[in-house]
Amino acid sequence: MAPPLIDAQALTKAYAMGGQTVHALRGVSLQIDAGEFVAIMGASGSGKSTLMHILGCLDLPDGGSYHLAGEAVHALVPDALAAIRNRRIGFVFQQFNLLARTSALENVELPLIYAGVKPAERQARARAALARVGLAERAAHTPAELSGGQQQRVAIARALVTQPALILADEPTGALDSQTSEDTMALLAQLNAQGITVVLVTHEHDVAAWARRCIVLRDGAIVQDQAQPGHAQQAATSAALPQGRA
C-alpha cells in the first residue's frame, strides 16, 4: 500500500508576539491520501494558515514530523524545501499573486523558469496549462486585461504547470463574486477528479462543501475531521468551463 501523500504527526508551532507566546499548532496529526479533496476550516487564529504553510513547505514545525509523498521534509534546509515546493506543490492564493506587467503565458511560465526548464518546453507547457483552464486564447493578456475569475484561472494554470501531485489553495475564492467562486471551485473539483490532490483553506462553508472531507481547527488543534458528500462528483462530470466565462 502506498504511503499517504501527506503524513503529519504531532505538529507544533509557536510564535512570540508582544512578549507572549502564541501556540499556533498544538500537536496536530493528519493524513491525506493521494487523490483526496480536503477543506481546512477554522476561525481567525485557529492555526489553519500556519498548518497550510507547513504542509506547503513554506515553514517548518517546531516539533513533530511531516512526510510528503514519503519524504521527510520537517527538517530540510531552505534550499531543499524550495526544491520540494517547486517539484511537488502548486499554490493558489486569494489575491492571485500575478505579475502585473506580464502576460498570462509568462506568469504561468514562472515556476518552470525557477526549475530551469528550457524556453521552448516552458512555453509549450504553459500554453497547455492555460488551455486546461479554458484560457488558451488569453495567453497574451496581462492581468489588467482579465477579469478576477480569469486571473484566478491563470493562477491555477501556474499551479498546474509543474505537474504537481498536490494543489494547496489558500482562500481561493476570497476575492471573487459568488458566481465566479462557483466556477473556480468547479474547476478545482474537475482537476481533483483528474487525480490531483487538492487541499484548500477557507472560512466559507459553501466553499468547503465542495470538498469530500472537512477538517476543522480550533485553538491550534483539530476538533473535527469527517467525510462529506461535497459537489466534487457532480463537478467532475460537468462540461469544461467555456473560455469566456468568469
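Residues numbered from 1 in each chain as written. Predicted model: local features only at pLDDT ≥ 70, side-chain atom pairs only at ≥ 80, totals over all residues. Heavy atoms only, no water.

Novice: How would you summarise the overall build of the protein chain if you had to cite specific residues and measurements?
Specialist: Along the protein chain, the regular secondary structure elements total 8 helices and 10 strands. Projected onto its principal axes, the C-alpha positions of the protein chain cover 50 × 45 × 40 Å. Considering the protein chain as a whole, with its 246 residues, one finds that 48% of them fall into the buried category. A separation of at least 24 residues holds for 69% of the contacts in the protein chain among residues at least 6 apart in sequence. A total accessible area of about 11300 Å² is found for the protein chain, and carbon and sulfur atoms account for 51% of it. In the protein chain, 19 side chains carry a positive charge and 21 a negative one; their mean positions are 5 Å apart. (Helix = DSSP H or I, 4+ residues; strand = E, 2+ residues; numbered from the N terminus. Buried < 20%, exposed > 50% of the residue type's maximum accessible area, 1.4 Å probe, protein only. Contact = heavy atoms within 4.5 Å. Areas by Shrake-Rupley, 256 points an atom, 1.4 Å probe, with all protein chains shown as cover. Lys, Arg positive; Asp, Glu negative; His and termini not counted. Charge placed at Lys NZ, Arg CZ, Asp CG, Glu CD.)

Novice: Before we move on, can you summarise the nonpolar core with the specific residues and values?
Specialist: Counting 43 residues, the largest nonpolar core has Phe-37, Val-108, Leu-130, Val-154 and Ile-156 as its most contacted members. Setting aside anything within four residues of it in sequence, one finds Val-108 in contact with Ala-126, Ala-129, Leu-130, Val-154, Ala-157, Arg-158 and Val-161. (Core = buried A, V, L, I, M, F, W, Y, C linked by side-chain atoms within 4.5 Å.)

Novice: Before we move on, can you summarise the sheet that holds strand S8 (residues 197-201) with the specific residues and values?
Specialist: Ordered by their spatial adjacency, 6 strands build an open sheet running S6-S7-S8-S3-S9-S10, and the pairing between neighbours is mixed. Sheet topology places strand S6 (89-93) and strand S10 (221-227) at the edges, where each strand pairs with a single neighbour. Mean inter-strand twist for the sheet, computed between neighbouring axes without regard to direction, equals 15 degrees. Both strand S3 (residues 37-41) and strand S9 (residues 213-218) contribute to a ladder of 4 bridges, which runs parallel. (Pairing = 2+ DSSP bridges. Axes fitted to C-alpha atoms, helices over the stretch in contact; angles between N-to-C directions.)

Novice: Any chance you could break down helix H1 (residues 48-55) for me, citing the residues and the numbers?
Specialist: An α-helix turns once per 3.6 residues; consequently, residues spaced three or four apart project the same way. Among the 8 residues in H1, 6 count as buried, and that is most of the element. Taken together, the buried positions of H1 are occupied by Lys-48, Thr-50, Leu-51, Met-52, Ile-54 and Leu-55. Positive phi appears at Cys-57, one or two residues downstream of H1, with a value of about 60 degrees.

Novice: Kindly report on the packing of aromatic side chains, identifying the contributing residues and their values.
Specialist: The final tally for this structure, using the stated rule, is 1 aromatic pair. Residues Phe-91 and Phe-93 carry aromatic rings whose centres are separated by 5.9 Å and whose planes lie at 5 degrees to one another, so their mutual orientation is stacked. Judged by its relative accessible area of 16%, Phe-91 is buried. (Phe/Tyr/Trp six-rings, centres within 6.5 Å; stacked < 30°, edge-to-face > 60°.)

Novice: Report on the sheet that holds strand S4 (residues 63-68), specifying residues and quantitative values.
Specialist: Spatial strand order, S2-S1-S4-S5: 4 strands in an open sheet with antiparallel pairing. Looking at strand neighbours, the two that pair on one side only are strand S2 (20-32) and strand S5 (71-72), the edges of this open sheet. Relative to S4, strand S1 (residues 6-17) is paired through 5 bridges, and the arrangement is antiparallel. Counterpart to Thr-12 in the pairing with S4 is Gly-63.

Novice: So what about the pattern of salt bridges? Which residues, and what values?
Specialist: The tally for this structure, following the rule as stated, stands at 8 salt bridges. A salt bridge links Asp-62 to Lys-13, with the shortest nitrogen-to-oxygen separation between them at 3.7 Å. Note that Asp-62 is positioned in the loop between H1 and S4 and Lys-13 in strand S1, a separation of 49 residues in sequence. A salt bridge links Arg-88 to Glu-71, with the nearest nitrogen and oxygen atoms 3.7 Å apart. (Salt bridge = Lys/Arg side-chain N within 4 Å of Asp/Glu carboxyl O.)

Novice: Could you give an account of the packing of helix H3 (residues 104-114) against helix H4 (residues 119-132), naming the residues involved and the relevant values?
Specialist: Where H3 contacts H4, the two axes come as close as 9 Å, and the packing angle between them is 120 degrees. Taken as axis vectors, H3 and H4 run oblique relative to one another. Helix-helix and strand crossings are classified by hand; for H3 and H4 the assignment is right-handed. Across the interface between the two elements, Ala-104, Leu-105, Val-108, Glu-109, Leu-112 and Ile-113 from H3 touch Arg-122, Gln-123, Arg-125, Ala-126, Arg-127, Ala-129 and Leu-130 from H4. Residue composition of the contact of H3 with H4, by class: 8 nonpolar, 1 polar and 4 charged. (Parallel < 35°, antiparallel > 145°, perpendicular 65-115°, else oblique. Left-handed = near helix turned anticlockwise from the far one by under 90°. Nonpolar A, V, L, I, M, F, W, Y, C, P; charged D, E, K, R; others polar.)

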